[in-house]
Amino acid sequence: MSASDWGQLLLLGGLWGGSFFFARIAVADIPSLALVLYRVAIAALVLHLWLRLRGISFAPALARPGSFLCLALLNNVIPFSLIFTGQTKIGAGLASVLYATTPLWTILVANLLTADEKLSTTKLIGVGLGIAGAAIMIGPGLLFQTDGPTWAKLAVIGAAISYAFAAVYAKRFRDIKPSVVATGQLTASTILMAPIVFVLYSPESIVTSSISIWMAVGFLAVFTTAFAFILYFNIIASAGATNASLVTLLVPASAIILGTAFLGERLELYEFAGLALIVSSLLIMDGRLFRRRA
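What you see is a predicted model; the values in this text were computed from it and never measured. (Residues numbered from 1 in each chain as written. Predicted model: local features only at pLDDT ≥ 70, side-chain atom pairs only at ≥ 80, totals over all residues. Heavy atoms only, no water.)

1. Thoughts on the nonpolar core
Move 1: Counting residues in each nonpolar core, the largest one holds 79 residues, and the members touching the most others are Phe 20, Leu 35, Phe 84 and Leu 98.
Move 2: Among the elements that line this core, the one with the most residues is helix 10 (residues 211-239), at 12 residues.
Move 3: Excluding residues that lie within four positions of it along the chain, Leu 98 makes contacts with Ile 90, Met 137, Ile 138, Lys 153, Val 156, Ile 157 and Ala 160.
Move 4: Membership of the second largest hydrophobic core comes to 13 residues, among which are Ala 72, Phe 173, Ile 176 and Val 181. (Core = buried A, V, L, I, M, F, W, Y, C linked by side-chain atoms within 4.5 Å. Buried < 20%, exposed > 50% of the residue type's maximum accessible area, 1.4 Å probe, protein only. Helix = DSSP H or I, 4+ residues; strand = E, 2+ residues; numbered from the N terminus. Contact = heavy atoms within 4.5 Å.)

2. Quick look at empty space enclosed by the protein
Move 1: Inspection of every chain in the model, using the stated rule, returns one cavity of 30 Å³ or more.
Move 2: Of the pockets and cavities examined, the largest cavity occupies roughly 30 Å³.
Move 3: Forming the walls of the largest cavity are Gly 93, Leu 94, Ile 256, Thr 260, Glu 265, Arg 266 and Leu 267.
Move 4: Looking at the lining of the largest cavity, the elements that each hand over two or more residues are helix 5 (92-99) and helix 12 (247-262).
Move 5: Among the residues forming the lining of the largest cavity, the class breakdown is three nonpolar, two polar and two charged. (1 Å grid on protein atoms, 1.4 Å probe; cavity = no way out; pocket = protein on both sides within 12 Å on 5 of 7 lines; lining within 4 Å. Points joined across faces, edges and corners; volume = space filled by probe spheres on them. Nonpolar A, V, L, I, M, F, W, Y, C, P; charged D, E, K, R; others polar.)

3. Overview of helix 2 (residues 32-54)
Move 1: The end-to-end C-alpha distance of helix 2 is 33 Å, a good match for the 33 Å that 23 residues give at a rise of 1.5 Å each.
Move 2: Positive backbone phi, approximately 70 degrees, marks Gly 55, located one or two places after helix 2. (Expected span 1.5 Å × (residues − 1).)

4. Structural notes on the pattern of salt bridges
Move 1: Summed over all chains, the structure comprises one salt bridge.
Move 2: Two residues, Asp 175 and Arg 64, come together in a salt bridge whose shortest N-O distance is 3.1 Å. Here Arg 64 lies in the loop between helix 3 (59-62) and helix 4 (65-86) and Asp 175 lies in the loop between helix 8 (150-169) and helix 9 (178-200), a separation of 111 residues in the sequence.
Move 3: Looking at Asp 175, the relative accessible area reads 63%, which means it is exposed.
Move 4: Its relative accessible area of 23% is what places Arg 64 among the partly exposed residues. (Salt bridge = Lys/Arg side-chain N within 4 Å of Asp/Glu carboxyl O.)

5. Brief notes about the side chain of Ser 96
Move 1: Inspection of the secondary structure assignment puts Ser 96 in helix 5.
Move 2: Among the residues examined, Ser 96 registers a relative accessible area of 0% and is labelled buried.
Move 3: Those residues in contact with Ser 96, other than ones at most four positions away along the chain, are Phe 20, Val 251, Pro 252 and Ala 255.

6. Topic: the packing of helix 4 against helix 8
Move 1: Interaxial distance between helix 4 and helix 8 falls to 8 Å at its minimum, and their mutual angle equals 160 degrees. The angle between the axes of helix 4 and helix 8 places the two elements in the roughly antiparallel class. Our pair here, helix 4 against helix 8, has a crossing hand that is left-handed.
Move 2: Split into classes, the residues belonging to the contact of helix 4 with helix 8 amount to 18 nonpolar, six polar and no charged. (Axes fitted to C-alpha atoms, helices over the stretch in contact; angles between N-to-C directions. Parallel < 35°, antiparallel > 145°, perpendicular 65-115°, else oblique. Left-handed = near helix turned anticlockwise from the far one by under 90°.)

7. Focus: the side chain of Ser 32
Move 1: Turning to its location among the elements, Ser 32 is positioned in helix 2.
Move 2: Exposure remark for Ser 32: the relative accessible area of 12% places this residue in the buried category.
Move 3: If we ignore the near neighbours within four places in the chain, the residues touching Ser 32 are Phe 84 and Thr 85.

The values reported here are purely geometric and, on their own, carry no functional implication.
Listed below in structure tokens is the structure:
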């Protein structure tokens, strides 16, 4: 990876870590499902404008509406709803660490549902360590409820599992430009979320007079979603999908730093131990560090 690739990767890690930070601020005043709608609708609009400026056709997405609705459900609607609901009770740093288990569940789902991505011994060790790390982070809370209810943590784990199914399902979109896939899934997510929000909430309950809350919503949608997707696809084009996946290691760090600096959050000692196991598991599954040492 070039210096430019690393710079973009660090920026992306900061942005996606920031998504947990801004979500934690926004859910204090906006219902979680309404926040999902704001995030996907604004981001979809930004990406449509970006496609128009780049002269990229959106027609391939329009030709497969059913597939994009399924992808939107797995990759946006379900995980965003679970994460935002969980973040009404737990901090940005803890939520981001639980999100970091996504690659573990992706490997397990791929092993079950695909013929060409089976578990190797190395991956099995990595998955075992990662799941142990997640258990360490959730287990003490079952007994003491020291850092938020268990259901909130399990909600974020559920989001990570949904992302895993989305990663496997997304393979059927290899013939479509990634930028069109991103725009299509966010557009479909908007179509799915709009009637849900309008049925469940009155108009006055999903708006706020707080400028800081609307700024958090704007940053969440424009920078940590729309711009982050563009940045992510740039990294894939330049350095490959495997290198781009390293962002998973960076997201918790930025979310923890932001949560600690601005929201007064603190991780418990056992949560840092769980984080260490999760990071170790991702490094083992990635494999490059050990190949380089060899």
